Amino acid sequence: MAQPKEFEQIILDIEEGVATLTLNRPAKMNAFTGKMMYEMIEAFDITDADDSVRVVIVTGSGDRAFCAGADLSEGAKTFDYDKRAEDGEAGRTDDVDIQRDGGGRVTLRIFDSLKPVIGAINGAAVGIGVTMQLPMDIRIASDNARFGFVFNRRGINPEAASSWFLPRLVGISQALEWCYSGRVFPAQEAMEGGLVRSVHPQAELMDVARAMAREIADNTAAVSTTLTRQMMWRMLGASHPMEAHIVDSAAIYSRGKTQDAKEGVMSFLEKRKPVYPVKVSDGMPNFYPWWDEPKFKWIGDKD
């Protein structure tokens, strides 16, 4: 098992095509900090750049929490970013940086991931601990996990771009009920509401996550999987199915000419495991990316 970099608040392990990103502040129930934000973003930069990584699993350290939300040790100024910048919080460099929601920076980075992301939710997951899961492709939970969109009970509001992600995952009515009430709810309710795929005994959670990762890593073409991830997520905002048809057509035309497509057909006919040669680092089709990336623009403090 390789650790490409030693972080302070997360652990990134890579083994046989599967990267495991572990939130690693167990004494604080893996509470989220600015430092963790930057480390998570860097970890996804690493996994994107490493062709050996086919899937990323995100979980928490210990058996109590996935992530218990924002670290509240700053007390009343926890969510006052101007005040914390004045006090010298690391990483706040200019007005735009101060004004940007840190949770949203993480979820947008996960959204942009070139590799599939599986959330293995091993305990309490509230606030940013639940909203950071939303751009993960598959979420599974331990039977002791608890979830809570608790923002209204803290005098703030949902963040981490969850107003975009959550209704698309669970529907507007369920999203609003959970966010309006701010209550903490069990894993079974999360599954019934569509937030997580399945619930497992905690001792089995990582085995299930790894088995799902292996299914992807061992049987699929890396470039095809990357394209599929981006096509599915980005078409959630499409105005007409023609937008999907245009991208589908370009993708299937481009991929059909590659050695991956030849290998996919021949390995099936020859009843053997495929070995796909094309790499994400240099084998993405020439139309990728096909979207214009929006830029952050501050809309606060209007006259």
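Being a predicted model, the structure only gives us computed values, none of them experimental.

A. Just the layout of surface pockets, in detail. As a volume, the second largest pocket reaches approximately 270 Å³. What lines the second largest pocket is a set of 15 residues, among which Arg54, Ala217, Thr220, Ala222 and Tyr276 lie closest to the centre. If one sorts the elements of the lining of the second largest pocket by residue count, helix α9 (residues 205–219) sits on top with three residues. Looking at the lining of the second largest pocket residue by residue, the classes come out as nine nonpolar, two polar and four charged.

B. Geometry of the sheet that holds strand β6 (residues 124–126). Ordered in space as β4-β6-β8-β9, the four strands form an open sheet in which the pairing is mixed. Two strands lie at the open edges of the sheet, namely β4 (65–67) and β9 (184–186), each paired on one side alone. Taking each pair of neighbouring strands and ignoring which way they run, the sheet shows an average axis angle of 20°. Note that β6 and strand β8 (residues 146–148) share three bridges and pair parallel. In the strand pairing of β8, Val126 is matched with Gly148.

C. Geometry of the nonpolar core. Ranked by internal contacts, the top residues of the largest apolar core, which has 48 residues, are Phe147 and Leu195. A per-element tally of this core places helix α1 (residues 34–49) first, with six residues. Residue contacts for Leu195: discarding those within four places in its chain leaves Val130, Leu134, Arg139, Phe147, Phe149, Leu166, Val170, Trp178, Phe185 and Ala190. Ala251, Val278, Val280 and Tyr288 belong to the second-largest nonpolar core, a separate cluster that totals 13 residues.

D. Seen up close, the side chain of Arg109. Here Arg109 is to be found in helix α4 (residues 102–111). Taking the relative accessible area as the measure of exposure, Arg109 reaches 12% and is therefore buried. A polar contact of 2.8 Å, which involves the side chain of Arg109, links it to the side chain of Asp48. Among residues more than four places away in sequence, those in contact with Arg109 are Ile41, Phe44, Asp45 and Asp48.

What counts, and at which threshold
Residues numbered from 1 in each chain as written. Predicted model: local features only at pLDDT ≥ 70, side-chain atom pairs only at ≥ 80, totals over all residues. Heavy atoms only, no water. 1 Å grid on protein atoms, 1.4 Å probe; cavity = no way out; pocket = protein on both sides within 12 Å on 5 of 7 lines; lining within 4 Å. Points joined across faces, edges and corners; volume = space filled by probe spheres on them. Helix = DSSP H or I, 4+ residues; strand = E, 2+ residues; numbered from the N terminus. Nonpolar A, V, L, I, M, F, W, Y, C, P; charged D, E, K, R; others polar. Pairing = 2+ DSSP bridges. Axes fitted to C-alpha atoms, helices over the stretch in contact; angles between N-to-C directions. Core = buried A, V, L, I, M, F, W, Y, C linked by side-chain atoms within 4.5 Å. Buried < 20%, exposed > 50% of the residue type's maximum accessible area, 1.4 Å probe, protein only. Contact = heavy atoms within 4.5 Å. Polar contact = N/O pair within 3.5 Å; in protein donor to acceptor, adjacent residues only side chain to side chain.

That is the geometry; function is a separate question.
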